[in-house]
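Coordinate inspection notes
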Amino acid sequence: MLKDFERRFRHKSNKQKDNLFDYSYHKSGSIPGTLRIPPHATTPKIDVIDYTEEKVTCHHQVTPQDCLKYLQTPTISWVDVAGLGDAEIFQALGTFFELHPLLLEDIVNAPQRPKLVNYVDCIAIIIQMAIAKPSREGFWLEQVSIIIGKNYVLSVQEEADFDCFAPVRDRILHNQGIIRQQKPDYLAYALWDAIIDGYFPILEDYGEQIEWLEDEVMLNPTDVTLQKIYQVRRELLALRRAIWPQRDTINHLLRDRYPLISDDVRLYLRDCYDRTVQIIDITETYRELASGLMDVYLSAVSNKMNEIMKVLAVISTIFIPLTFIVGVYGMNFNPAASPWNMPELNWYWGYPVFWGLTLLIAVGLVYFFWRRGWFQNTTTPRRR
Amino acid sequence: MLKDFERRFRHKSNKQKDNLFDYSYHKSGSIPGTLRIPPHATTPKIDVIDYTEEKVTCHHQVTPQDCLKYLQTPTISWVDVAGLGDAEIFQALGTFFELHPLLLEDIVNAPQRPKLVNYVDCIAIIIQMAIAKPSREGFWLEQVSIIIGKNYVLSVQEEADFDCFAPVRDRILHNQGIIRQQKPDYLAYALWDAIIDGYFPILEDYGEQIEWLEDEVMLNPTDVTLQKIYQVRRELLALRRAIWPQRDTINHLLRDRYPLISDDVRLYLRDCYDRTVQIIDITETYRELASGLMDVYLSAVSNKMNEIMKVLAVISTIFIPLTFIVGVYGMNFNPAASPWNMPELNWYWGYPVFWGLTLLIAVGLVYFFWRRGWFQNTTTPRRR
Amino acid sequence: MLKDFERRFRHKSNKQKDNLFDYSYHKSGSIPGTLRIPPHATTPKIDVIDYTEEKVTCHHQVTPQDCLKYLQTPTISWVDVAGLGDAEIFQALGTFFELHPLLLEDIVNAPQRPKLVNYVDCIAIIIQMAIAKPSREGFWLEQVSIIIGKNYVLSVQEEADFDCFAPVRDRILHNQGIIRQQKPDYLAYALWDAIIDGYFPILEDYGEQIEWLEDEVMLNPTDVTLQKIYQVRRELLALRRAIWPQRDTINHLLRDRYPLISDDVRLYLRDCYDRTVQIIDITETYRELASGLMDVYLSAVSNKMNEIMKVLAVISTIFIPLTFIVGVYGMNFNPAASPWNMPELNWYWGYPVFWGLTLLIAVGLVYFFWRRGWFQNTTTPRRR
Amino acid sequence: MLKDFERRFRHKSNKQKDNLFDYSYHKSGSIPGTLRIPPHATTPKIDVIDYTEEKVTCHHQVTPQDCLKYLQTPTISWVDVAGLGDAEIFQALGTFFELHPLLLEDIVNAPQRPKLVNYVDCIAIIIQMAIAKPSREGFWLEQVSIIIGKNYVLSVQEEADFDCFAPVRDRILHNQGIIRQQKPDYLAYALWDAIIDGYFPILEDYGEQIEWLEDEVMLNPTDVTLQKIYQVRRELLALRRAIWPQRDTINHLLRDRYPLISDDVRLYLRDCYDRTVQIIDITETYRELASGLMDVYLSAVSNKMNEIMKVLAVISTIFIPLTFIVGVYGMNFNPAASPWNMPELNWYWGYPVFWGLTLLIAVGLVYFFWRRGWFQNTTTPRRR
Amino acid sequence: MLKDFERRFRHKSNKQKDNLFDYSYHKSGSIPGTLRIPPHATTPKIDVIDYTEEKVTCHHQVTPQDCLKYLQTPTISWVDVAGLGDAEIFQALGTFFELHPLLLEDIVNAPQRPKLVNYVDCIAIIIQMAIAKPSREGFWLEQVSIIIGKNYVLSVQEEADFDCFAPVRDRILHNQGIIRQQKPDYLAYALWDAIIDGYFPILEDYGEQIEWLEDEVMLNPTDVTLQKIYQVRRELLALRRAIWPQRDTINHLLRDRYPLISDDVRLYLRDCYDRTVQIIDITETYRELASGLMDVYLSAVSNKMNEIMKVLAVISTIFIPLTFIVGVYGMNFNPAASPWNMPELNWYWGYPVFWGLTLLIAVGLVYFFWRRGWFQNTTTPRRR
């Protein structure tokens with residue numbers, strides 16, 4: 001399933017690494033409300049669950065026209081659309097659900113910035129869902145739109161492949177918890193809740209990545225470490241960008257009194273809000289840790305360089321003067337020409353004295369370096 | 001067309017690279033409302049489109065006096081002025097449209113900081129339009145002023161060459177969308193919307209530039225990479241400077257109740273606002289990415305240096321002691337003078353023993369470096 | 001005692017270093033209010049202290065059912081639960097104390113972000129307690145929930161091992177201070193106060209660590225210093241994350257008028273608030289100091305490198321030219337072949353002149369370096 | 001004129017480079033309202049312009065007593081005091097204008113932080129005027145106090161030498177614009193406007209300096225570049241410090257309704273406010289650019305070092321092994337002592353083989369470096 | 001006097017360098033209002049000045065009981081307590097002045113965070129006084145509490161040695177200014193004003209230190225410079241921490257209407273507030289300058305390293321190839337064995353040709369370095 005998405009995604013944008021910083025816009029000067037279907041979008045699939053406290057019916061692969069009849073019953077209808085690939089279907093949905101053209105545009109032209117728009121008889125919530133990649137390295141973002149009406153909830157997902165709404169569907173079908181006794185606002189809360197909870201496992205992965213990077217940066221910092229730190233910072237930035245506006249969105253919903261949202265559900269949304277704040281909080285914390293790691297990386301690289309320089313300097317400084325001395329006694333000044341010309345070469349103890357001098361100089365330099373603390377091991381390879 | 005602008009721009013300011021950080025001011029102590037025509041400004045060209053839901057008339061190259069008669073009809077008149085090069089024309093426009101001298105000054109003395117000023121019978125909006133350079137490297141900024149009156153919209157553009165209003169003009173002429181059924185406020189919204197949408201392609205270019213720079217900084221960081229990163233940061237700063245005050249401007253328009261702005265258009269402006277926030281959001285994200293790239297660049301350069309140092313240190317450290325040894329046996333101490341003087345030179349196995357010693361030292365040092373991990377390849381040239 | 005916790009903690013999360021950045025979340029789509037007992041949680045132990053100004057009774061290891069009867073008396077009952085390891089007990093407590101399912105979930109699914117939730121007949125405060133490790137290096141965080149009812153206080157601690165409430169218990173039992181004359185709000189304040197005061201000794205340890213690091217970074221910066229600075233920054237970040245939301249929590253309690261909180265206790269809470277602000281203030285100050293230390297560390301490492309480079313450069317620069325000269329006179333050009341071939345070798349003063357030249361060059365270079373200030377000691381090892 | 005100021009300034013504070021970060025304070029515990037005349041202050045010179053719409057009279061070098069009679073006429077009197085060097089004159093002015101002792105202190109004890117104080121019958125505005133140095137490198141700050149009364153404006157300048165009020169004076173004398181038809185509030189606005197417009201040419205200089213520095217940092221970064229960047233950052237900091245509080249000052253004036261400020265003038269002040277915001281905006285932009293330049297500078301210096309290291313490493317790595325080889329064949333092992341002792345020396349092709357080996361090694365190493373990309377020119381000296 | 005304090009301070013905390021980051025806290029769970037006398041605190045000394053506009057009496061070394069009788073007269077009584085070393089005295093004062101236990105605790109358990117607490121019949125202000133060290137390097141902080149009652153002011157100082165209230169005392173005794181005609185609120189203002197003015201000379205010292213450091217960092221950056229910059233940043237941080245909350249304190253006093261504070265004194269407090277803002281402003285400016293200096297320091301150190309590397313690289317690169325050449329002609333290939341073996345050694349012009357070659361290479365390399373700009377002096381030692 002995920003492979004389908006990955007394949008389709010590659011077709012969509014062959015020059016980008018991931019869709020974390022994507023955004024949608026229309027051509028300058030185009031008529032407001034124009035629907036632009038992305039080239040590789042999946043064909044929408046519409047499912048309807050119609051329920052009251054007592055009974056529940058489930059309809060798969062319905063047409064927009066079918067929805068109309070479920071809307072006209074007093075039961076609560078959850079219309080779930082997966083896929084954005086057909087403008088006509090959305091035009092039809094727009095007509096039957098009486099959606100504002102701008103809202104329809106925002107739903108289809110994904111991804112938009114998360115937002116809440118209050119219309120006369122419905123509330124539209126547009127948010128980003130985070131889906132962990134199967135490799136657990138990074139994630140995708142997918143737009144989900146939730147429209148709350150008097151007796152319906154319309155949810156639109158960008159893709160049909162990931163369905164994080166399955167547990168909610170089960171809860172309705174098997175009448176678990178209080179979901180069947182509640183109004184559409186509770187259903188919308190349940191969907192939103194499922195999306196927000198989807199962020200936590202991703203965060204957990206980043207927490208582990210940062211711990212690994214902390215060890216790596218201390219023990220063996222390489223170019224790959226650097227790239228990983230940058231990658232983590234980049235993806236946390238994307239995560240923050242996705243979750244930050246959702247906080248404002250819930251906050252608006254909590255602060256302003258909307259007739260479609262009951263006080264009871266408001267209490268549950270408050271819980272949602274707390275969790276969103278927690279996600280932001282953790283994201284920021286991880287970002288600060290990752291940014292601190294960058295500093296540590298730079299320092300560790302500097303330290304490594306210092307160590308290399310020290311080895312070079314110690315060896316060079318000891319042997320360069322000695323090489324000078326051996327060079328001196330390799331000169332060919334003619335001792336025969338004058339008694340001043342290298343008489344040492346003919347001394348009885350000449351060669352042993354040379355070795356004595358050499359050792360003296362070497363030991364003296366080693367002592368000098370030892371006094372300056374150059375032999376202290378500044379880079380301890382073990383952390384704890 | 002763009003070349004015209006570029007040429008004119010060069011005349012205007014021969015010492016600046018682009019006009020991104022330009023600003024206009026008048027001489028200290030001058031009379032408020034003084035119009036200073038920039039030296040190379042183009043002569044203003046006035047077009048009027050006069051329309052109701054039923055009919056539309058189009059007048060090119062009119063004089064300010066002509067405008068007056070369109071203003072006096074109940075039809076909606078869109079007076080579009082392109083070019084700032086004639087003070088008299090603007091004085092005349094100021095008189096006929098009853099514009100405050102300070103407003104007239106702001107319109108002509110471009111560029112000003114984007115702002116919204118509410119006058120008794122009109123609302124003046126001064127904003128910055130971003131125009132991508134044909135090379136897709138960087139952009140120009142051009143000031144656009146939109147004055148909304150009871151039955152007219154007066155728009156003033158700095159240059160005649162770029163006309164991002166063409167699609168809006170077409171929509172009026174061909175009666176596309178709902179623009180002909182609406183009041184001047186909707187027309188102003190449509191113009192503003194076209195300007196804001198013009199920012200997105202520029203942002204997209206920066207997104208791609210950053211992706212390229214990410215690869216370049218990892219694989220082959222050079223001085224040019226550094227300059228490109230700085231350039232991107234500099235231009236994103238300019239972009240933020242241009243778009244940030246526009247957010248406040250729309251926000252003012254949304255928050256305060258202006259009689260000239262209908263509730264319906266307010267909903268469309270809200271969409272504009274969301275898009276402006278999205279532009280700011282992306283700009284900030286790109287700025288953070290670019291700033292993170294700078295860190296990575298610095299680290300990559302440090303790593304490269306480390307690698308160079310290592311090669312130097314390994315070679316030097318291995319050969320410097322060996323060179324000392326060969327120097328020793330190049331000395332000319334006279335073996336005849338004493339049995340202590342370099343007897344090795346006359347040993348039977350002297351030369352082979354020397355080579356054995358040499359190899360031993362070399363292998364020992366290589367082993368020492370291998371143990372310290374100097375031969376681990378810290379700079380992997382491939383990223384993915 | 002602390003070892004118990006450490007052991008249990010290791011079982012809980014074998015891949016993490018400490019629990020400072022832990023957080024709790026439920027599976028996406030699960031029913032709100034689900035209690036997930038952490039795998040190694042301790043079995044809850046319930047103690048009740050029932051008191052009026054005149055008399056006090058103390059009950060250990062009671063069952064949730066027992067609590068009910070204490071609740072029904074007009075005396076003030078402090079029900080203290082330590083340990084989260086039994087869902088049924090908490091379900092029972094939830095029923096008897098009439099707690100909202102979401103509140104019960106927050107209490108059990110620790111750690112949550114500190115928060116204040118106001119219910120119809122009780123106020124719930126969820127906060128983080130900081131417990132210094134016995135080694136005085138770092139700390140653990142433990143969640144404490146305090147629910148204030150009309151005539152009871154229910155406190156839930158994550159662990160049974162650390163009991164920072166002992167002094168408060170003593171004050172009740174021995175009637176010290178005014179605690180027995182006051183309502184549950186004062187008791188809740190006393191518990192909270194005890195928790196907040198627990199942060200100060202931890203802060204003091206960090207203050208000392210920073211002073212040590214200041215000295216270490218100036219005198220002898222090594223990799224270990226770097227790791228310690230990072231560790232301190234990391235833990236201060238955790239501390240800030242724990243204390244920051246508590247400020248908002250108290251602030252809410254102070255700002256909004258809750259009937260369960262008397263004006264008198266509000267004055268005491270104001271004192272609590274001031275102390276929380278002080279903790280935040282000190283944490284931020286320490287974070288800035290630690291961040292400044294990082295800069296100093298980097299500079300100190302650079303300085304060390306400079307010193308090494310200088311030694312290397314001075315020695316190399318002096319001896320490399322000299323080695324060239326001695327090499328020259330070690331050449332074997334045949335003086336017999338031409339009068340131009342190394343006549344110096346046969347000069348009477350050849351060898352002394354060579355030494356004179358050598359000394360001249362050496363002294364000249366030393367003078368050159370001295371003039372450029374290379375012999376100034378840039379790294380003074382003593383600070384004060 | 002400017003030299004006078006410079007000379008006087010040097011006397012004032014012989015240890016400071018400029019007066020950008022000066023501030024004034026009185027001795028701890030002194031009586032509020034004490035006037036401390038700075039040691040080298042110029043003697044105050046009082047000019048009065050008395051005008052109505054119809055006529056204008058101009059009086060130079062008047063005494064404080066003279067002012068009193070102009071104040072008692074219904075005409076608008078602009079009393080301009082230049083110089084702070086006489087406490088008695090200011091005491092007299094304080095008495096005649098009925099100024100609060102604290103206000104008088106703020107006027108005389110310059111420089112104060114810009115502020116607005118509203119008294120019963122006057123509004124006092126204390127601001128900083130920026131004066132470009134004649135060398136166009138940097139600027140001075142001078143305090144200007146403007147007191148708006150019912151029928152007078154009292155302006156006090158720190159120095160007599162710079163008179164940025166001359167154009168305003170001309171506008172009154174020659175009845176240009178609407179200044180003669182307006183109340184004192186308009187005159188105060190005109191003065192303030194002249195001061196604010198004085199900031200722009202200074203900003204323009206910094207804009208140019210930053211462009212030069214951008215080029216310099218890319219092409220040839222030296223210590224001087226670094227000092228210039230620091231200098232620019234330092235002076236922009238001073239500029240921000242001078243202008244930032246002025247924004248609040250105007251904002252107060254706009255927000256609160258003062259009877260002395262008419263709605264009409266409020267519109268002009270709004271323009272002033274926009275311009276102040278623009279100055280802040282540009283200052284911040286320049287500060288960010290300068291701060292980004294610092295990063296680029298550091299990277300450029302690192303790159304230069306890399307280039308130097310590469311040259312050193314390539315040359316050393318190629319020649320050090322070769323020097324070892326030539327050393328080997330310079331050894332004096334006695335070929336006569338054994339057939340193993342350096343038989344190469346007596347080979348027929350010995351010397352040519354040596355050269356072959358040497359070339360092979362050199363070419364091999366060059367190829368090795370070429371493969372690692374060391375010969376790519378990382379520092380391109382041209383930017384565009 | 002200052003030595004007394006220093007001695008006592010050392011006793012207090014033998015492990016800390018200064019008291020800038022001290023804070024006071026009580027044991028977790030202790031009874032609120034517990035007084036903990038610091039071990040080395042000085043014995044309190046109580047002075048009372050009792051005054052009306054007409055007459056003034058002065059009483060030294062009185063007991064708390066004595067205070068009671070001065071309190072009961074309608075005259076204004078200033079009770080000044082210096083030293084915190086006796087819990088009983090403070091208990092007595094608390095009883096006579098009817099102080100809240102929490103207030104008494106805050107007064108004695110110094111240092112607290114500056115704050116304002118409003119009680120029913122008094123206002124308590126707790127602030128930090130800054131005292132310059134006699135060496136003018138750094139400062140101490142001392143807590144001062146000022147309690148304003150209906151007809152008294154109670155001031156409590158931590159130490160008896162520094163008395164910055166002396167000028168205020170003189171003003172009362174000699175009836176200078178308007179202090180005798182005013183209520184206790186004016187007296188409190190006068191005391192506060194004296195404390196705030198005490199910050200300025202300290203700031204001035206830091207201003208000078210930063211100027212010195214600017215020169216030092218440009219001309220001769222050493223480790224000591226680095227330590228000084230860190231020290232300045234550290235102390236400015238402490239200064240900010242002390243003054244920042246005072247601004248809020250005064251602001252509260254200005255904003256909320258307290259019956260004990262007259263409108264007249266509010267005007268004076270407004271002046272106090274302006275000065276506090278100025279102190280914060282200067283502190284922040286200095287902090288930014290110091291932080292910019294750190295960047296410059298790092299760059300200057302890098303530049304120095306570049307210069308060292310250049311010298312090393314130039315010398316090595318020139319002489320290493322030359323040394324190879326001289327090595328070649330020091331080889332002992334036997335010219336007798338073959339005509340190919342080093343025939344150069346027997347050439348007539350061999351030696352002169354060798355020198356020619358040597359010079360050519362040397363000049364060539366020097367030219368190469370000159371072309372690359374290595375001989376440009378990048379580190380100009382003079383700034384101006």
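Report on the accompanying structure. The model shown is predicted, which means the values in this text are computed figures rather than measured ones.

Along its length, chain A carries 10 helices and seven strands. The globule rule puts the C-alpha radius of gyration for 384 residues at 21 Å, and the 35 Å found for chain A is more than 25% above it. Dimensions of chain A along its principal axes, counting C-alpha atoms only, are 125 × 40 × 35 Å. Per-residue burial for chain A yields a buried fraction of 62% across its 384 residues. Long-range pairs, those at least 24 residues apart, make up 68% of the contacts in chain A with a sequence separation of at least 6. Carbon and sulfur atoms provide 56% of the accessible area of chain A, an area that totals close to 14800 Å².

With that settled, consider the interface of chain B and chain D. Counting residues at the interface gives 71 residues for chain B and 79 residues for chain D. Carbon and sulfur atoms supply 61% of the area buried between chain B and chain D, which totals about 6800 Å² over both sides. The interface formed by chain B and chain D holds seven salt bridges in total. Where chain B touches chain D, the interface holds 26 residue pairs in polar contact (both at pLDDT 80 or more). Top element by residues in the side of chain B that touches chain D is helix α9 (residues 263-328) of chain B. It accounts for 18 residues.

We now examine the relation of the copies chain B and chain D. After a rotation of 72 degrees and a shift along the axis of 0.0 Å, chain B superposes on chain D with an RMSD of 0.1 Å. Both copies are brought into coincidence by an operation consistent with a five-fold rotation axis. Every residue of chain B has its C-alpha some distance from the rotation axis, and the shortest such distance is that of G330 of chain B, at 4.7 Å.

In screw terms, the move from chain E to chain D is a rotation of 72 degrees and a rise of 0.0 Å along the axis, fitting with an RMSD of 0.1 Å. By residue overlap, the copies meet through two different surfaces: only 13% of the interface positions of chain E are interface positions in chain D.

Residues and elements named next belong to chain D. Sheet architecture is open: seven strands sit in the order β2-β1-β3-β7-β6-β5-β4, paired in mixed fashion. Each of the sheet's edge strands pairs with one partner strand only, and the pair in question is β2 (56-62) and β4 (115-118). Sheet twist, expressed as the mean angle between neighbouring strand axes with direction ignored, is 15 degrees. Direction of pairing for strand β3 (residues 76-82) relative to strand β7 (residues 152-157): parallel, over a ladder of six bridges. When the sheet's bridge partners are listed, V79 is paired in β7 with L154. Here helix α4 (residues 101-108) sits on the sheet and contacts β4, β5 (123-132), β6 (139-148) and β7; the angle it forms with β6, its principal contact strand, is near 155 degrees.

The step from A110 of chain A to P111 of chain A runs through a cis peptide bond, and the omega angle for that step is -5 degrees. Here P111 of chain A shows up in the loop between α4 (101-108) and β4 (115-118). We note that M342 of chain B has phi near 50 degrees; this positive angle belongs to a residue other than glycine. Its location among the elements puts M342 of chain B in the loop between α9 and α10 (350-371). Here the phi dihedral of E98 of chain D falls at roughly 55 degrees; this positive angle occurs in a residue that is not glycine. Turning to its location among the elements, E98 of chain D is positioned in the loop between α3 (87-96) and α4. With a relative accessible area of 58%, E98 of chain D lands in the exposed category.

Now for the state of the cysteines. A disulfide bridge is the covalent bond that connects two cysteines by way of their sulfur atoms. In the structure shown here, the tally under the stated rule is zero disulfides over all chains. Free cysteine: C164 of chain E, not disulfide-bonded; nearest cysteine sulfur from C272 of chain E at 12 Å.

Before going further, it helps to spend a moment on the interface of chain E and chain D. Counting residues at the interface gives 79 residues for chain E, matched by 71 residues for chain D. Taken over both partners, the interface formed by chain E and chain D buries close to 6800 Å², and the fraction arising from carbon and sulfur atoms is 61%. Contact with chain D buries surface across chain E, with E211, F324 and F333 of chain E losing the most and accounting together for 10% of the total. The interface formed by chain E and chain D holds eight salt bridges in total. Taking the shortest distance from any N to any O, the salt bridge between D281 of chain E and R241 of chain D comes out at 3.2 Å. For the interface between chain E and chain D, the tally reads 26 residue pairs in polar contact (both at pLDDT 80 or more). Of all elements in the fold, only α5 (166-173), α6 (184-197), α7 (199-219) and α9 (263-328) of chain E reach the threshold of two or more residues within the side of chain E that touches chain D. Top element by residues in the side of chain E that touches chain D is α9 of chain E. It accounts for 36 residues.

Right, let's talk about the packing of aromatic side chains for a bit. Overall, the coordinates contain 105 aromatic pairs over all chains when judged by the stated rule. Ring centres 5.1 Å apart and planes at 35 degrees place the aromatic pair Y329 of chain A and F333 of chain B in the tilted group. Of this pair, Y329 of chain A sits in the loop between α9 (263-328) and α10 (350-371) while F333 of chain B sits in the loop between α9 and α10, which puts the two residues in different chains. F333 of chain B sits in the buried class, given a relative accessible area of 3%. Ring geometry for W349 of chain A against W340 of chain B: centres 5.9 Å apart, planes inclined by 25 degrees, an arrangement best described as stacked. Of this pair, W349 of chain A sits in the loop between α9 and α10 while W340 of chain B sits in the loop between α9 and α10, placing the two residues on different chains. Exposure remark for W349 of chain A: the relative accessible area of 49% places this residue in the partly exposed category. What links up through ring pairs into an aromatic cluster is the set F319, Y329, Y351, F354 and W355 of chain A together with F324 and F333 of chain B. The lysine or arginine in question, K133 of chain C, covers the ring of W140 of chain C, its NZ or CZ lying 5.6 Å from the ring centre. The ring of W244 of chain C carries R247 of chain C above its face, with NZ or CZ at 5.0 Å from the centroid.

About the criteria used
- Residues numbered from 1 in each chain as written.
- Chains lettered and ligands numbered in written order.
- Predicted model: local features only at pLDDT ≥ 70, side-chain atom pairs only at ≥ 80, totals over all residues.
- Heavy atoms only, no water.
- Helix = DSSP H or I, 4+ residues; strand = E, 2+ residues; numbered from the N terminus.
- Rg over C-alpha atoms; globule rule 2.2 N^0.38 Å.
- Buried < 20%, exposed > 50% of the residue type's maximum accessible area, 1.4 Å probe, protein only.
- Contact = heavy atoms within 4.5 Å.
- Areas by Shrake-Rupley, 256 points an atom, 1.4 Å probe, with all protein chains shown as cover.
- Buried area = accessible area lost by both parts, 1.4 Å probe.
- Salt bridge = Lys/Arg side-chain N within 4 Å of Asp/Glu carboxyl O.
- Polar contact = N/O pair within 3.5 Å; in protein donor to acceptor, adjacent residues only side chain to side chain.
- Least-squares fit on C-alpha atoms with pLDDT ≥ 70 in both.
- Pairing = 2+ DSSP bridges.
- Axes fitted to C-alpha atoms, helices over the stretch in contact; angles between N-to-C directions.
- Disulfide = S-S within 2.5 Å.
- Phe/Tyr/Trp six-rings, centres within 6.5 Å; stacked < 30°, edge-to-face > 60°.
- Lys NZ or Arg CZ within 6 Å of the ring centre and 35° of its normal.

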